[in-house]
Amino acid sequence: MAVFHSHSEEETAAWAKDYAKSLRRGDTVLLEGPMGAGKTVLAKGIIAGMGITDAVTSPTYAYVNEYGDVFHFDCYRIVSAAQAYGLGLADYFGRGGICLVEWGENIKELLPDGAKTVRIAGTGDTREITF
Ligand SMILES: Nc1ncnc2c1ncn2[C@@H]1O[C@H](COP(=O)(O)OP(=O)(O)O)[C@@H](O)[C@H]1O
Ligand SMILES: [Mg+2]
């Protein structure tokens, strides 16, 4: 495990952009950490690092936003595996793209083996990224 200390949103996004270079098609990355820690900032950086120039927003209504072959999940409001299956969320993991998952703990049963984890935590502008 390695740790990166970030002192701003921009530094976190830049770190994520660089981290994106290590990802391959079929990878799932669990973005973990408390509310407001910077999971969506990480996702935005990773998506930018994949060369995607679309504006990235937090997935809300549909739980997943698609950017080409990159799928960004926010499962905060998912309450059961059955609900997740019903929404078709399981299908994304078999599509050979890259899945970035916030609140993956809420869809544990659906997550593929071998998922990578990036954890972010901290207070103020200083965040610790563990990967
Ligand atoms: N070092 C940092 N890294 C990431 N975000 C930071 C940092 N410092 C402050 N922030 C702020 O923290 C918030 C993180 O929000 P967000 O990424 O939506 O959190 P999450 O998706 O984990 O709930 C943003 O408002 C961002 O500007
Ligand atoms: Mg978020």
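### As for the site of ligand 1
Around ligand 1 lies a shell of 17 residues, among which Glu9, Thr12, Gly38, Lys39 and Thr40 are the nearest. Of all elements in the fold, only helix H1 (9-19) and helix H2 (39-49) reach the threshold of two or more residues within the shell around ligand 1. When grouped by side-chain class, the residues that make up the shell around ligand 1 number 3 nonpolar, 8 polar and 6 charged.

### Description of the environment of Lys116
In this structure, Lys116 sits in strand S6 (residues 116-121). For the pair Lys116 and Ala48, spaced 68 residues apart in sequence, the C-alpha separation works out to 19 Å. Those residues within four positions of Lys116 in sequence are excluded, and the remaining contacts are Asp27, Thr28, Val29 and Leu30.

### A few points about the packing of H1 against H2
Packed helices, taken two at a time, are described by the angle between their axes plus the distance between the axes. Direction vectors running N to C along H1 and H2 enclose 45 degrees, while the axes themselves pass 7 Å from each other. By the angle class used here, H1 and H2 are oblique. In the crossing of H1 with H2, the sense of the turn from one axis to the other is right-handed. Packed against H1, whose contacting residues are Glu9, Thr12, Ala13, Ala14, Trp15, Ala16, Lys17, Asp18 and Tyr19, the element H2 presents Val41, Leu42, Lys44, Gly45, Ile46, Ala48 and Gly49 at the interface. Its residues assigned to classes, the contact of H1 with H2 comprises 9 nonpolar, 3 polar and 4 charged.

### A few points about the sheet that holds strand S2 (residues 28-32)
Within the open sheet, the 7 strands sit side by side as S1-S7-S6-S2-S5-S4-S3. Their pairing is mixed. Strands at the two margins of the open sheet, each flanked by one partner only, are strand S1 (3-6) and strand S3 (64-67). Taken over all neighbouring pairs, the strand axes of this sheet differ in orientation by 15 degrees on average, direction set aside. Pairing analysis gives 4 bridges linking S2 to strand S5 (residues 98-102), with the strands arranged parallel. Following the sheet pairing, Leu30 is matched in S5 by Val101. Relative to the sheet, H1 contacts S1 and strand S7 (127-130), its axis offset from that of S1 by approximately 145 degrees. Running at roughly 165 degrees to S5, H2 makes contact with S2, S3, strand S4 (70-74), S5 and S6 of the sheet.

### Side note on H2
Of all 11 residues making up H2, 9 are buried, and the element is well covered by its neighbours. Of the residues making up H2, those classed as buried are Lys39, Val41, Leu42, Ala43, Lys44, Gly45, Ile46, Ile47 and Gly49. In this fold, the buried residues of H2 make contact with H1, S2, S3, S4, S5 and S6. Looking one or two places after H2, you find Gly51, whose phi comes out positive at around 85 degrees.

### Observations concerning the nonpolar core
Core analysis: the largest hydrophobic core is formed by 29 residues, its most contacted members being Leu31, Leu42, Ala43, Ile46, Phe73, Leu100 and Val101. Elements with a minimum of two residues in this core: H1, S2, H2, S4, S5 and S6. Ranked by residue count, the leading element in this core is H2, at 5 residues. Each residue touching Leu42, except ones within four places of it in the same chain, is listed here: Thr12, Ala16, Leu31, Val118 and Ile120.

What counts and what doesn't
- Residues numbered from 1 in each chain as written.
- Chains lettered and ligands numbered in written order.
- Predicted model: local features only at pLDDT ≥ 70, side-chain atom pairs only at ≥ 80, totals over all residues.
- Near = placed C-beta within 6 Å.
- Helix = DSSP H or I, 4+ residues; strand = E, 2+ residues; numbered from the N terminus.
- Nonpolar A, V, L, I, M, F, W, Y, C, P; charged D, E, K, R; others polar.
- Contact = placed C-beta atoms within 7 Å.
- Axes fitted to C-alpha atoms, helices over the stretch in contact; angles between N-to-C directions.
- Parallel < 35°, antiparallel > 145°, perpendicular 65-115°, else oblique.
- Left-handed = near helix turned anticlockwise from the far one by under 90°.
- Pairing = 2+ DSSP bridges.
- Buried ≥ 20, exposed ≤ 12 C-beta atoms within 10 Å, placed from the backbone.
- Core = buried A, V, L, I, M, F, W, Y, C linked by C-beta atoms within 7 Å.

None of this, on its own, says anything about what the molecule does.
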